[in-house]
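Per-entry structural report
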Amino acid sequence: MMMMVMIIIIIIITHQHNTDSVVLQRARCLKTEIQKETRKMKDNIAEKTKERWHGKRIHGQLPRNLDEKLVDIEQSCRWLKSGEIKGETESKIVAAQDQANSTNYFKNKILKEETESKCRLCKQHEETIDHLTSGCPILVKNEYLMRHDKVCTHLHYSICKALGIETTDKW
Ligand SMILES: [Zn+2]
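It should be emphasised that the depicted structure is a prediction, and the values quoted were computed from it without experimental measurement.

Points about the overall build of the protein chain
- A tally of helices and strands in the protein chain yields eight helices and zero strands.
- Order of helices (α) and strands (β) in the protein chain, N terminus to C terminus: α-α-α-α-α-α-α-α.
- Within the span of the protein chain, comprising 171 residues, buried residues form 6% of the whole.
- Across the protein chain, every contact between residues at least 6 apart in sequence was considered, and the portion connecting residues at least 24 apart equals 25%.

A word on the environment of K50
- Structurally, K50 can be placed in helix α1 (residues 2–55).
- A tally of 12 C-beta atoms within 10 Å means that K50 is categorised as exposed.

Regarding the confidence of the model for the protein chain
- Looking at the protein chain as a whole, the pLDDT averages 87, with 89% of positions reaching at least 70.
- Within the protein chain, helix α8 (residues 143–162) carries the highest mean pLDDT (94), whereas helix α2 (residues 61–65) carries the lowest (81).

A few points about the environment of R64
- In this structure, R64 sits in helix α2.
- Measuring from C-alpha to C-alpha, the distance between R64 and W53 comes to 9.3 Å, with eleven residues separating the pair along the chain.

Calculation notes
Residues numbered from 1 in each chain as written. Predicted model: local features only at pLDDT ≥ 70, side-chain atom pairs only at ≥ 80, totals over all residues. Helix = DSSP H or I, 4+ residues; strand = E, 2+ residues; numbered from the N terminus. Buried ≥ 20, exposed ≤ 12 C-beta atoms within 10 Å, placed from the backbone. Contact = placed C-beta atoms within 7 Å. pLDDT = per-residue confidence, 0-100.

Right, dumping it as structure tokens:
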């Protein structure tokens, strides 16, 4: 009789253990499925947001102009993730990237004002942000050269510091 009770207890415990592991296994499968579905939904939302962004006339210029073969998009957008600059500065940079600053081209083509769309300095090319930041033949003589030299100075300073070469505090 005692032996019979022991066997029944062992069967019940084993059954309970098997049932628990089956339930646990089903729960794990369900969790994995939910995670896959959630990831799929997030990817769909991100893809739709990206499509809408590309489709916007003004704000879509930046993503349309980025050539993934020439531009490291992840590195180029890293400054947005680091959060090291003020929100006001960030918004000005993003507005410039979106060509949404008050250039002659923007006033003429977007705001439909009766303003000449050509550059105020060279009067040859459309006055866009891209033109002002890197394409104006008037600014190339001094401003672009000065910017180039400053970037090179900072690069030189950073390389010296990385190599342990004695530097001053100011680059
Ligand atoms: Zn110009």
